[in-house]
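Here is what each chain is made of, one letter per residue.
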Amino acid sequence: VVKGLDNYLKEHKKLKNLYIEGIMKKYISPQLHGYAHYDLKKLNRFFKSKEGQHLFNAGFLTGKSTLKNIKDNFRGELIDLKDETLDQIKLAVKEFFNIFGYFSKSIIPPYFEINLEILDSLKDNHIIAIQASNRLLNNHYQRVKRIYFRKYNGLYWIPRTARLDPHPDYGYYADSCLKDIKYAFECKMPAVIDFHRVNISGRYNPEYRNKTLNELKEVFEGIKNNWPDAKFISTQDLIKLCQI
């Protein structure tokens, strides 16, 4: 066990160093995504149930919530207002700083769900912008409507104006992403692409990773050919533009 732990720590340090190198070279600019995708207390109760154990053994972490037409009662850690949620925000911000060496200026709420009563807590923890604001739902599952790229409730609300998710279940390929980018530019808005890390991490599905990287390459080439003066900037730089 000790030997296994030692190897894990070595790999963790190696991965952290790669992240830091990527940040220094401006290949990536990580931002906070929260503590966890799920309401861990609800998920833990379900896991301890007979049904939860049975489904977990079959390979389903969230059990019946993975089935169609069944509401996912475990999702959205920021949807409920409780002391545990506020503590998780603080811990997530702290761990982000410990890993990357700076405080995240924005947060992308898991599942695009957020209880607006936690906004003060976010501001108290260095957050000054909410990403994907055009896709957010509040705790009553109503659309959160805010003016994009403007300050409201003490926070900047940044939408995602394009999408690349080339999985057959979603169907957002390079051509549709480029159409979204074109529309955003025509509306005099930045093109902020909605994209998942899992699309390119590829450790568990190399074939999907390679396919996604090809789609991403098409997007880059399309931007270069259609908008050669386009600039790629980080979320933090975009926030600075909003503050001007």
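Criteria and cut-off values
Residues numbered from 1 in each chain as written. Predicted model: local features only at pLDDT ≥ 70, side-chain atom pairs only at ≥ 80, totals over all residues. Heavy atoms only, no water. Helix = DSSP H or I, 4+ residues; strand = E, 2+ residues; numbered from the N terminus. Buried < 20%, exposed > 50% of the residue type's maximum accessible area, 1.4 Å probe, protein only. Contact = heavy atoms within 4.5 Å. Salt bridge = Lys/Arg side-chain N within 4 Å of Asp/Glu carboxyl O. 1 Å grid on protein atoms, 1.4 Å probe; cavity = no way out; pocket = protein on both sides within 12 Å on 5 of 7 lines; lining within 4 Å. Points joined across faces, edges and corners; volume = space filled by probe spheres on them. Nonpolar A, V, L, I, M, F, W, Y, C, P; charged D, E, K, R; others polar. Polar contact = N/O pair within 3.5 Å; in protein donor to acceptor, adjacent residues only side chain to side chain. Pairing = 2+ DSSP bridges. Axes fitted to C-alpha atoms, helices over the stretch in contact; angles between N-to-C directions. Phe/Tyr/Trp six-rings, centres within 6.5 Å; stacked < 30°, edge-to-face > 60°. Lys NZ or Arg CZ within 6 Å of the ring centre and 35° of its normal.

Remarks on the side chain of Glu113
Inference 1: Note that Glu113 resides in the loop between β1 (106–107) and α5 (119–123).
Inference 2: Glu113 gets classed as buried once you look at its relative accessible area, which sits at 3%.
Inference 3: Excluding its chain neighbours within four sequence positions, the residues that come into contact with Glu113 are Arg75, Gly76, Leu78, Ile79, Leu136, Leu137 and Tyr141.

What about the pattern of salt bridges?
Inference 1: Overall, the coordinates contain seven salt bridges when judged by the stated rule.
Inference 2: The salt bridge partner of Glu21 is Lys25, with a shortest N-O separation of 3.0 Å.
Inference 3: Since its relative accessible area comes to 38%, Glu21 is described here as partly exposed.
Inference 4: Ionic pairing is found between Asp120 and Lys123, a salt bridge with its closest N-O pair at 3.2 Å. With Asp120 and Lys123 both in helix α5, this residue pair falls three residues apart, about one helical turn.
Inference 5: Members of the salt-bridge network, linked through shared partners, are Arg135, Arg160, Arg163, Asp165 and Asp194.

So, empty space enclosed by the protein
Inference 1: Going through the model one piece at a time under the given rule, you end up with one cavity of 30 Å³ or more.
Inference 2: Taken as a whole, the largest cavity spans an internal volume of roughly 40 Å³.
Inference 3: In terms of lining residues, the largest cavity is bounded by Tyr38, Asp39, Leu40, Gly76, Glu77, Lys82, Glu84, Thr85 and Gln88.
Inference 4: In terms of residue count, the dominant contributor to the lining of the largest cavity is helix α4 (residues 83–100) (three residues).
Inference 5: For the lining of the largest cavity, a count of residues per class yields two nonpolar, three polar and four charged.

Describing the environment of Arg160
Inference 1: With respect to the helices and strands, Arg160 occurs in the loop between β4 (155–158) and β5 (162–163).
Inference 2: Classification of Arg160 as buried rests on a relative accessible area of 15%.
Inference 3: On a C-alpha basis, the gap between Arg160 and Ile223 in space is 17 Å, while along the polypeptide they are 63 residues apart.
Inference 4: Within polar-contact distance, the side chain of Arg160 engages the side chain of Asp194 at 2.5 Å.

Structural notes on the sheet that holds strand β3 (residues 151–152)
Inference 1: The four strands are arranged β1-β2-β4-β3 in an open sheet whose pairing can be described as mixed. The sheet is open, and its two borders are formed by β1 and β3, each paired with just one other strand.
Inference 2: Taken together, the two bridges between β3 and β4 define a ladder with antiparallel strand orientation. Each bridged residue has a counterpart across the sheet, and for Lys151 the counterpart in β4 is Tyr156.
Inference 3: Sheet strands in contact with helix α9 (residues 235–242) are β1, β2 (129–131) and β4, and its direction is about 115 degrees off that of β4.

What about the packing of aromatic side chains?
Describing an aromatic ring pair means giving the distance of the ring centres and the angle of the ring planes.
Inference 1: This model, assessed by the stated rule, comprises nine aromatic pairs.
Inference 2: Taking the centre distance of 5.5 Å and the plane angle of 85 degrees together, the rings of Phe96 and Tyr102 count as edge-to-face. By the burial criterion, Phe96 is buried, and Tyr102 matches it.
Inference 3: Between Phe220 and Phe232, the aromatic rings sit 5.7 Å apart at their centres with planes inclined by 85 degrees, giving edge-to-face as the arrangement. Linking Phe220 in helix α8 (residues 206–226) with Phe232 in the loop between α8 and α9, this pair joins segments that are twelve residues apart in sequence.
Inference 4: Residue classification places Phe232 among the exposed residues on the basis of a relative accessible area of 59%.
Inference 5: Chaining the aromatic ring pairs together yields one cluster made of Tyr19, Phe96, Phe100 and Tyr102.
Inference 6: Between Arg146 and the ring centre of Trp157, over which it is positioned, the NZ or CZ distance is 5.1 Å.

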